[in-house]
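Working through the structure, step by step
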Amino acid sequence: MGKIFLAFVTSFISLLIFSCDKEDSEPFEVHNEANKTWYRLNDWRGNDDVIVFPIITDLHSGGNDKYKQISYVIQTSSLFNFDFIANLGDLGIDEDKTNTLFKEVLARHEEYNKLTIFCKGNHEDVISDSEFSNYLQKPFLNKSASIINIYPNSAFGHCDIEDDKIRIFFLNTSDGSNSYRYNKTQLQYVIDNLLTIPNDDWCVVFLAHWCPNPIGRWNTLNGSKTNYKTFMKILESYVSKKKEVSDTSENINMSWDFSNVRGHLVGYLCGDSHFDNQIRENGVNYIITQGYGTISDSEKPQGAITTPFDYNKQMLVDVVAIKRLKREMKIFRLGAGGSQRDREFYF
C-alpha cells in the first residue's frame, strides 16, 4: 500500500488542476446557510479580533462524493476570512480501493491557498505516519508563513501563527499498534512544546481525531486505548500550572513541571465519534464535531447529539471562532442544525 500511495500522490499533486463547473458549484442551500452563519458570527465578534477556522471531519469519502463538502467550505473562505482549515481525519483512504475519491479530496484541498492542518484518523491506518506527514501534512502546512514543527517521521507536531498569538497542536491518535493511542514520544513532545509557549497572552488549541475523554466513546467500542489518562493529566496540569506525574495505571514513568508555563488552553477539538458532544473537565474543554460518519442511537453515550441531514444538499461543518484576549470561543454550525448547534466556551 505504501509504495502505491507514494506513487499516486506524488504524480497527482504535481499535476493538480482544479476547474469549477456546474456540478461542483456551491448549491443554493450552502450559500444561504453560509450567509446566516456569517451573520451570527459577525454579531458575536463585535469589535474584537478573532481567530476563525472550519472543522472538516469524518468524510469517509470512499464510495460517495462527500469530498465535495471541502469545496463548499473553501468557497465560503472569503466570506469568513478563515485563518486556516482543519481536517481532523477519516478521509476514507481505506474505503476507496482505486484512490479515485481520495484524489478528489486532495484536489479540493489544493483549492485553498492558506494553511491546512490534517490529523491522522483511524481510517488512515493503512498508510504509515511518515507517508501521511510527507504527502498530506507537509505540503498543505507549508502553504503559509506560519512556523511549522513536525516531529521527524511522525504525523504529529504544532504550528505557530505568530500574528494571532496561537499555537496549534495537531496530534496522531493512531500513534502505534492500535487506533486509539498516544505513544510516549508524542506525550513528551506535547510536554516539551507546552513549555515553550512564548508569552502569557498566547492561546493553545489541540486538534486531533479521537477524543481521550469518555464522552467520545461509542457504547459498543471495545478497542484498546493507550496512554490517554496521562495525556489528559498533561492538559489538566497545563491549565492549573503545576507539577505532575503520569497516571500510575499506564506505567510509562513520565513527569513534568508546568509551574511557570505560559499561555492559556482553549480546548481539545476532535471528530471520530460521529456525534456532537462536549464537556469541561478539570479546566479542559473537550469538544467533538459530528462530521459525516454514521452511528446508531444504541451506540451513542449519554449527552451525545446527532443531526440527520442529506449531504447532497447540506453541509455539516463547525466554524470555530476564538476571542483570544477575552478567552472566549464559540462554534457556529454551518449547515445541518444551524443555530441550534452553536456552542459557546470559555477558557
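Residues numbered from 1 in each chain as written. Predicted model: local features only at pLDDT ≥ 70, side-chain atom pairs only at ≥ 80, totals over all residues. Heavy atoms only, no water.

**Things to note about the overall build of the chain**
Each helix and strand in the chain was counted, giving eight helices and 17 strands. Against the globule reference of 20 Å for 347 residues, the chain gives a C-alpha radius of gyration of 19 Å, in line with a compact fold. Each principal axis of the C-alpha atoms in the chain carries an extent, and together these give about 55 × 50 × 45 Å. Intrachain contacts of the chain at a sequence separation of at least 6 include 69% that bridge at least 24 residues. Just so you have it, the chain exposes about 14100 Å², and 46% of that area is on carbon and sulfur atoms. Across the chain, the mean location of the 37 positive side-chain charges is 3 Å away from that of the 46 negative side-chain charges. (Helix = DSSP H or I, 4+ residues; strand = E, 2+ residues; numbered from the N terminus. Rg over C-alpha atoms; globule rule 2.2 N^0.38 Å. Contact = heavy atoms within 4.5 Å. Areas by Shrake-Rupley, 256 points an atom, 1.4 Å probe, with all protein chains shown as cover. Lys, Arg positive; Asp, Glu negative; His and termini not counted. Charge placed at Lys NZ, Arg CZ, Asp CG, Glu CD.)

**Digging into unusual backbone geometry**
The phi angle at Asn 251 is positive, at roughly 50 degrees, despite the residue not being glycine. Along the chain, Asn 251 turns up in the loop between strand E10 (243-245) and strand E11 (255-257). The class for Asn 251 is exposed, based on a relative accessible area of 70%. For His 274, which is not glycine, the phi torsion reads 70 degrees and is therefore positive. Looking at the element boundaries, His 274 is found in the loop between strand E12 (264-270) and strand E13 (277-281). Judged by relative accessible area, His 274 falls into the buried class, the value being 9%. (Buried < 20%, exposed > 50% of the residue type's maximum accessible area, 1.4 Å probe, protein only.)

**Side note on the environment of Lys 323**
Positionally, Lys 323 belongs in strand E15 (residues 316-323). Overall, the relative accessible area of 6% leaves Lys 323 in the buried class. For the pair Lys 323 and Asp 49, spaced 274 residues apart in sequence, the C-alpha to C-alpha distance is 6.4 Å. Those residues in contact with Lys 323, other than ones at most four positions away along the chain, are Trp 44, Arg 45, Asp 48, Asp 49, Val 50, Glu 328 and Phe 347.

**A short note on the layout of surface pockets**
A probe as big as a water molecule, rolled over the atoms, marks out the empty space that is left. In this structure, the largest pocket spans a volume of roughly 230 Å³. Residue lining of the largest pocket: 14 residues in total, with Asp 83, Ser 144, Ala 145, Ser 146 and Ile 161 positioned closest to the centre. Across the lining of the largest pocket, the residue classes break down as five nonpolar, three polar and six charged. (1 Å grid on protein atoms, 1.4 Å probe; cavity = no way out; pocket = protein on both sides within 12 Å on 5 of 7 lines; lining within 4 Å. Points joined across faces, edges and corners; volume = space filled by probe spheres on them. Nonpolar A, V, L, I, M, F, W, Y, C, P; charged D, E, K, R; others polar.)

**Re the packing of aromatic side chains**
Throughout the structure, instances matching the rule amount to 18 aromatic pairs. With centroids separated by 5.9 Å and ring planes inclined at 65 degrees, the aromatic side chains of Trp 44 and Phe 332 adopt a geometry described as edge-to-face. Residue Trp 44 is located in helix H2 (residues 28-45), and its partner Phe 332 is located in strand E16 (residues 328-335); the two are separated by 288 residues in the primary sequence. We note that Trp 44, like Phe 332, is buried. (Phe/Tyr/Trp six-rings, centres within 6.5 Å; stacked < 30°, edge-to-face > 60°.)

**Focus on empty space enclosed by the protein**
One pass over the full model with this rule turns up one cavity of 30 Å³ or more. Its boundaries defined by the atoms lining it, the largest cavity holds a volume of some 30 Å³. As for the largest cavity, its lining consists of Glu 29, Val 30, Glu 33, Gln 314, Met 315, Leu 334, Gly 335 and Ala 336. Of all elements in the fold, only H2 and E16 reach the threshold of two or more residues within the lining of the largest cavity. Here the lining of the largest cavity gets three residues from one element, more than from any other, and that element is H2.

**Notes on the environment of Gln 186**
Relative to the elements of secondary structure, Gln 186 occurs in helix H7 (residues 184-194). Remark: the alpha-carbon pair of Gln 186 and Phe 231, spanning 45 residues in sequence, is separated by 9.6 Å.

**Considerations on the confidence of the model for the chain**
Overall, the prediction assigns the chain a mean pLDDT of 89, with 91% of residues at 70 or greater. The low-confidence segment residues 2-23 (pLDDT under 50) makes 34 contacts with residues lying over four places distant or belonging to another chain. (pLDDT = per-residue confidence, 0-100.)

**Brief notes about the pattern of salt bridges**
Counted according to the given criterion, the structure contains 16 salt bridges. Measuring nitrogen to oxygen at the nearest pair gives 3.1 Å for the salt bridge that ties Asp 48 to Lys 326. One end of the pair, Asp 48, is in the loop between H2 and strand E1 (51-56); the other, Lys 326, is in the loop between E15 and E16, and 278 residues separate them in sequence. According to the relative accessible area criterion, Asp 48 is partly exposed, its value standing at 24%. Exposure remark for Lys 326: the relative accessible area of 47% places this residue in the partly exposed category. Among the ionic pairs, Asp 318 bridges to Arg 333, the shortest N-O distance being 2.8 Å. (Salt bridge = Lys/Arg side-chain N within 4 Å of Asp/Glu carboxyl O.)

**Concerning the sheet that holds strand E8 (residues 203-207)**
If you walk across this open sheet you meet the seven strands as E4-E5-E6-E8-E12-E14-E13, and the pairing is mixed. A strand with exactly one partner marks an edge of an open sheet, and here the two such strands are strand E4 (147-150) and E13. Averaged over all neighbouring strand pairs, the angle between strand axes comes to 15 degrees, with direction disregarded. As judged from the five bridges shared by E8 and E12, these two strands associate in the parallel manner. (Pairing = 2+ DSSP bridges. Axes fitted to C-alpha atoms, helices over the stretch in contact; angles between N-to-C directions.)

**Considering the side chain of Glu 131**
Considering the arrangement of structural elements, one finds Glu 131 in helix H6 (residues 129-141). Buried and without a salt bridge, Glu 131 has Lys 120 as its closest oppositely charged side chain, separated by 7.4 Å. Engagement of the side chain of Glu 131 in a polar contact is seen with the backbone nitrogen of Ser 128, the distance being 3.1 Å. (Polar contact = N/O pair within 3.5 Å; in protein donor to acceptor, adjacent residues only side chain to side chain.)

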